[in-house]
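Next come the chains, spelled out residue by residue.
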Amino acid sequence: MKTMMRISGVLLLVCSVVTGFSSTGLSAEPIYIALSAPLTGTYAEYGQNFKKAMTLGLEWINADGGINGRPIELVIGDSKGDPKESAALAQKFTSDKRIVAELGDFTSTCCLAAQPIYQRAGMVQLSPTSSHPSFAPGSPWSFGIIGTQAGEGPFMARYASETLGKKKMAVLHINNDWGIIAKDMFVKGAKAIGSEVVVVEHYFEEERDFTGVLTKLRGMKPELIYICSMYNDAALISKQREKLGWTDVSVMGPGSLYSPKLIEIGGGAVDSLYTSSLFFPKDPRPEVQKFVKGFEAKYDATPNLFAAIAYDAFNLLAATIRKSGTDRKAIRDELAKTKDFPAVAGNITFTEHGDVVKEYRKLVIRNGQFEIY
């Protein structure tokens with residue numbers, strides 16, 4: 001693996017290049033695709049899943065002759081989940097004339113911070129996971145394939161009210177772009193079907209003691225608490241809720257919670273937690289099982305939603321370049337035409353805004369495992 005380093009001010013950006021074609025015999029000029037993801041820091045588990053899944057897809061494509069005989073090289077930058085570093089990577093990637101398109105970042109906040117840079121440079125920014133409703137419509141060069149909180153929020157509200165029969169709800173959300181919109185869309189969806197949201201509270205990313213806010217939420221006596229967070233925060237919140245003895249409330253959160261790490265960290269405190277997903281590894285579809293078995297064989301771990309959606313994003317971009325060639329604008333124009341692209345986390349058809357409408361699955365944790373509800 002080759003390593004490239006660049007110092008911009010006092011910020012050190014480290015990028016690695018994944019080739020995956022050392023034994024394939026491909027010798028034509030490579031096609032360079034960039035990946036911006038949090039490989040270290042709070043969201044490292046998500047970023048590492050991005051890298052693993054895309055590397056698997058890259059190796060399979062290169063082993064099969066690459067794109068029109070040219071191998072793919074993946075230039076990977078660690079954003080650390082920091083919007084400033086994501087923007088710095090965008091500057092680095094767009095100024096490298098070899099790079100034809102970018103995949104990433106993980107959080108909506110990082111994606112939105114980098115968006116103007118990709119737009120000015122005329123480079124595709126394809127995020128596997130940005131679900132902020134303003135992301136894809138914000139630039140003709142930005143695309144998102146996970147669906148938006150405008151779809152997931154109301155779905156989860158219906159899950160809580162119509163499926164579980166919970167009518168009195170509390171909401172706790174992380175205070176960033178994604179957390180705010182996830183909260184807003186759930187609250188809007190709940191009120192639209194006649195449910196009562198009795199209290200809404202937020203927390204900051206650095207917080208680790210949730211005792212005070214949980215005590216306040218408990219005082220409002222909700223039937224369900226909806227947690228708009230990532231798996232690590234939700235696990236900690238659940239453990240502290242259980243320690244307080246608050247066990248007579250149902251717990252739910254968006255698909256950001258769907259990770260084995262939630263169960264690993266949260267233990268019994270997350271049992272009976274409800275969430276959603278676009279991907280389930282036991283799905284019998286051949287394309288899903290090929291991916292799951294290949295991922296398990298390479299990494300000795302079962303892929304989660306974030307690995308699956310990253311794999312889909314990589315394959316979609318590769319298929320687009322196969323049709324369009326490597327001109328940056330041609331890639332954007334071809335990508336915008338995507339319709340019914342077969343993907344392991346649900347087929348992809350872009351709206352006029354560059355985002356997608358997804359169908360969600362209801363999940364619940366039972367006996368330490370995620371199950372279809």
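Computed from a predicted model, the values in this text were never measured in an experiment.

### What about the packing of aromatic side chains?
Right, so step 1: The full count for this structure, using the stated rule, is 20 aromatic pairs.
Right, so step 2: Centre to centre, the rings of tyrosine 258 and phenylalanine 370 are 4.7 Å apart; their planes meet at 90°, and the pair counts as edge-to-face. Residue tyrosine 258 is located in the loop between β11 (250-252) and α8 (260-266), and its partner phenylalanine 370 is located in strand β14 (residues 369-372); the two are separated by 112 residues in the primary sequence.
Right, so step 3: Classification of phenylalanine 370 by relative accessible area gives buried; the value is 12%.
Right, so step 4: Put simply, the rings of Tyr43, Tyr46, Phe50, Phe106, Tyr231 and Phe306 pair up and form one aromatic cluster.
Right, so step 5: The ring of tyrosine 32 carries arginine 98 above its face, with NZ or CZ at 4.2 Å from the centroid.
Right, so step 6: Directly above the aromatic system of tryptophan 60 lies the positively charged group of lysine 290, at a separation of 4.8 Å from the ring centroid.

### Here we look at helix α5 (residues 177-192)
Structural remark: α-helix, 3.6 residues per turn; residues separated by three or four positions point the same way.
Right, so step 1: The terminal C-alpha atoms of α5 lie 23 Å apart, and with 16 residues this matches the ideal 22 Å at 1.5 Å per residue to within 8%.
Right, so step 2: The set of residues buried in α5 consists of Trp178, Gly179, Ile181, Ala182, Lys183, Met185, Phe186, Val187, Gly189 and Ala190.
Right, so step 3: In this fold, the buried residues of α5 make contact with α3 (108-121), α4 (149-163), β8 (168-174), β9 (196-203) and β10 (224-228).
Right, so step 4: Looking one or two residues beyond α5, the residue adopting positive phi is glycine 194, at roughly 90°.

### Focus on the environment of threonine 247
Right, so step 1: Of note, threonine 247 is situated in the loop between α7 (231-243) and β11.
Right, so step 2: We classify threonine 247 as exposed; its relative accessible area is 56%.
Right, so step 3: Threonine 247 sits 22 residues away from alanine 269 along the chain, and the two C-alpha atoms are 9.1 Å apart.

### Quick notes on empty space enclosed by the protein
Right, so step 1: Within the structure shown, the criterion is met by 2 cavities of 30 Å³ or more.
Right, so step 2: In this structure, the largest cavity encloses a volume near 230 Å³.
Right, so step 3: What lines the largest cavity is a set of 22 residues, and nearest its centre among them are Thr129, Ser131, Ile146, Trp178 and Ser256.
Right, so step 4: Mapped onto the lining of the largest cavity, the elements with two or more residues apiece are α4, β12 (274-277) and α10 (305-324).
Right, so step 5: A breakdown of the residues in the lining of the largest cavity according to their chemical character gives 8 nonpolar, 13 polar and 1 charged.

### Some details on the nonpolar core
Right, so step 1: Leu126, Leu262 and Phe291 are the most contacted members of the largest nonpolar core, which has 107 residues in total.
Right, so step 2: Here this core gets 13 residues from one element, more than from any other, and that element is α10.
Right, so step 3: In this structure, Ala34, Ile99, Ala114 and Tyr118 belong to the second largest nonpolar core, which totals 13 residues.

### Considerations on helix α9 (residues 286-299)
Right, so step 1: The terminal C-alpha atoms of α9 lie 20 Å apart, and with 14 residues this matches the ideal 20 Å at 1.5 Å per residue to within 8%.
Right, so step 2: Tucked inside the fold, the buried residues of α9 contact α1 (44-63) and α10.

### Some details on the pairing of strand β13 (residues 361-366)
Right, so step 1: Here 4 bridges tie β12 to β13, and the two strands are oriented antiparallel to one another. Its bridge partner lying in β13, serine 277 is registered against arginine 361.
Right, so step 2: With 4 bridges joining them, β13 and β14 adopt antiparallel strand pairing. Directly across from arginine 366, in β14, lies its bridge partner glutamine 369.
Right, so step 3: Hairpin connection of β13 to β14: 2 residues between the antiparallel strands, including asparagine 367 at a positive phi of 50°.

### A closer look at the packing of α10 against helix α11 (residues 328-336)
Right, so step 1: Two elements in contact, α10 and α11, have axes separated by 9 Å at closest approach and are oriented at 115°. The pairing of α10 with α11 is recorded here as roughly perpendicular in orientation. Note on packing geometry: the crossing formed by α10 with α11 is right-handed. Along the contact surface, α10 presents Leu316, Leu317, Thr320, Ile321, Lys323 and Ser324, while α11 presents Ala330, Ile331, Glu334 and Leu335.

Parameters at a glance
- Residues numbered from 1 in each chain as written.
- Predicted model: local features only at pLDDT ≥ 70, side-chain atom pairs only at ≥ 80, totals over all residues.
- Heavy atoms only, no water.
- Phe/Tyr/Trp six-rings, centres within 6.5 Å; stacked < 30°, edge-to-face > 60°.
- Helix = DSSP H or I, 4+ residues; strand = E, 2+ residues; numbered from the N terminus.
- Buried < 20%, exposed > 50% of the residue type's maximum accessible area, 1.4 Å probe, protein only.
- Lys NZ or Arg CZ within 6 Å of the ring centre and 35° of its normal.
- Expected span 1.5 Å × (residues − 1).
- Contact = heavy atoms within 4.5 Å.
- 1 Å grid on protein atoms, 1.4 Å probe; cavity = no way out; pocket = protein on both sides within 12 Å on 5 of 7 lines; lining within 4 Å.
- Points joined across faces, edges and corners; volume = space filled by probe spheres on them.
- Nonpolar A, V, L, I, M, F, W, Y, C, P; charged D, E, K, R; others polar.
- Core = buried A, V, L, I, M, F, W, Y, C linked by side-chain atoms within 4.5 Å.
- Pairing = 2+ DSSP bridges.
- Axes fitted to C-alpha atoms, helices over the stretch in contact; angles between N-to-C directions.
- Parallel < 35°, antiparallel > 145°, perpendicular 65-115°, else oblique.
- Left-handed = near helix turned anticlockwise from the far one by under 90°.

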